[in-house]
Amino acid sequence: LCDLTFQYAGTSDRRSTVTFDGKAVGTLDFKQTDSWTDYQKETIQVDCPAGEITVRVTADTSNGGPNLDYMNVASVGPPSTSPPTFAPGPTIPTPTPTSRPTPSGDNGVLYEAEDSTNISADSEAKSNNLGYTGTGYVDMGNKNAYVEISNVDGGVGGRCTFTFRYSARKNDRPCEIKMNGEYKGTVNFPITGTEWTDYSTDSLELDCVPGLNSVLVTATTDGGGPNLDNLVVSSVSGTGAPFSAPIPAPTNAPVSSSPTSSPTSSPTPEPTSISTSPPVSSAPASAPTLAPVGEPTISTSPPTSAPVSSAPTSAPTRAPVSSAPTEASTPAPTLEPTKAQPNPPTLAPVTGPTIPTP
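Residues numbered from 1 in each chain as written. Predicted model: local features only at pLDDT ≥ 70, side-chain atom pairs only at ≥ 80, totals over all residues. Heavy atoms only, no water.

Could you give an account of the overall build of the protein, naming the residues involved and the relevant values?
Secondary structure assignment for the protein yields six helices and 17 strands. Among the 358 residues that make up the protein, the fraction classed as buried is 35%. (Helix = DSSP H or I, 4+ residues; strand = E, 2+ residues; numbered from the N terminus. Buried < 20%, exposed > 50% of the residue type's maximum accessible area, 1.4 Å probe, protein only.)

Below, the structure written as structure tokens:
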């Protein structure tokens, strides 16, 4: 056994029925309080089943239910041997499960209207008109009555379809649709038949917002809105699937392969530079061999001519590699007045002092 204690306020008696997972367990009178700011408590004792359950409080009068503040659950003893007794109230029929509607696009996600935690005072979750999905529907009683469905997944965004399942008797019951407070369009909700158990669907195509969103359905006429059963959100065929975004390939895969190419590129320039650099690197070594020659022409030519004498380290056929001086030193222009360039072939027998006078 356990006590369910409700704190509430109401300016008139507002009898309501309490259900556990759709099964009626008792009735609360919710007697009139002095004002809407005057809160009182009312308790009902019931057999609490083990585990988690859904507790629903449904208003039984035309005035609706009270302003319900909170519910406190307290254990008071072992289960009773006889079923609890309570004041007579309306019989709540056992919901008849029906098949879910087929989504109008791919990867549709269904949201039950009666699961909403934010509905207007003149909207009410009910289950007396059978044919609904889930555990019931929301009766949107009057103009400006609303139902807000939270945590609607917009996937990665893109064009999507909102398909509402509803029933409407006698009149069309248009409602405006907002997503995160932004107006998205109007759904007409035309008459579905002669009975409230006649259900149909009406749709609105719009741009879905990525991530989780709130969808607000608000009645715009004096007749109020329909009995809203559920909302199915699905992608529009041919415009992508916002509810099944593909996992992108890792963008860093090419980066991991670059180190394998860097070793091949770094060694290759080194051998080529070695083959062209010997004249430069050997210039200092050959310069001392030219110093004892003492030839006036050699002394007038700066040591930059040393790469010329080092050219014989290559085969004599490479003596005309006049690009070596331009590559070896910046004072290349000083070589132009010497005009000794045509004679290097006579230097082929690298004997040092035997270099003829230019």
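Let's pick the thread back up.
Please set out the nonpolar core residue by residue, giving values where relevant.
Counting residues in each nonpolar core, the largest one holds 27 residues, and the members touching the most others are Phe162, Phe164, Val217 and Leu228. Contributions of two or more residues to this core are made by β10 (137–140), β11 (146–153), β12 (158–167), β13 (175–179), β15 (200–208), β16 (212–219) and β17 (227–235). When residues of this core are assigned to their parent elements, the largest contribution, four residues, is made by β12. With sequence-adjacent residues up to four places away left out, Leu228 is seen in contact with Ala113, Tyr137, Val138, Met140, Val147, Phe164, Arg165, Tyr166, Phe189 and Val217. Within the second largest apolar cluster, 11 residues are counted, among which are Val18, Phe20, Val25 and Val46. (Core = buried A, V, L, I, M, F, W, Y, C linked by side-chain atoms within 4.5 Å. Contact = heavy atoms within 4.5 Å.)

Give me the lowdown on unusual backbone geometry, citing residues and values where you can.
Of note, the phi angle at Asn144 is positive, near 75°, even though the residue is not glycine. By secondary structure assignment, the location of Asn144 is in the loop between β10 and β11. Even without being glycine, Asn151 reaches a positive phi, approximately 55°. With respect to the element layout, Asn151 can be found in strand β11.

Provide a residue-level description of the pairing of strand β14 (residues 182–187), including the pertinent values.
Where β13 meets β14, five bridges bridge the pair, whose relative direction is antiparallel. Its bridge partner being in β14, Met179 is matched across the sheet by Glu182. Linking two consecutive strands that pair antiparallel, namely β13 and β14, is a turn of two residues; a positive phi of about 55° is found at Asn180 within it. (Pairing = 2+ DSSP bridges.)

Residue-level account of the side chain of Asn129, with values.
Following the sequence through the fold, Asn129 ends up in the loop between β9 (123–126) and β10. We classify Asn129 as buried; its relative accessible area is 18%. At a separation of 3.0 Å, a polar atom in the side chain of Asn129 contacts the side chain of Tyr137. Ignoring any residue separated from it by four or fewer positions in sequence, one finds Asn129 in contact with Tyr137, Trp196, Thr197, Tyr199 and Asn227. (Polar contact = N/O pair within 3.5 Å; in protein donor to acceptor, adjacent residues only side chain to side chain.)

Mind laying out the pattern of salt bridges, listing which residues take part and the relevant values?
In this structure the tally under the stated criterion is eight salt bridges. Salt-bridge contacts for Asp139 lead to Lys126; the nearest nitrogen and oxygen are separated by 3.1 Å. Residue Asp139 is located in strand β10, and its partner Lys126 is located in strand β9; the two are separated by 13 residues in the primary sequence. The exposure class assigned to Lys126 is partly exposed, which follows from its relative accessible area of 25%. The partner of Arg159 in a salt bridge is Glu205, and the shortest N-O contact between them spans 3.3 Å. Here Glu205 lies in strand β15 and Arg159 lies in strand β12, a separation of 46 residues in the sequence. Exposure remark for Arg159: the relative accessible area of 29% places this residue in the partly exposed category. (Salt bridge = Lys/Arg side-chain N within 4 Å of Asp/Glu carboxyl O.)

All quantities given are derived from atomic positions and should not be read as evidence of function.
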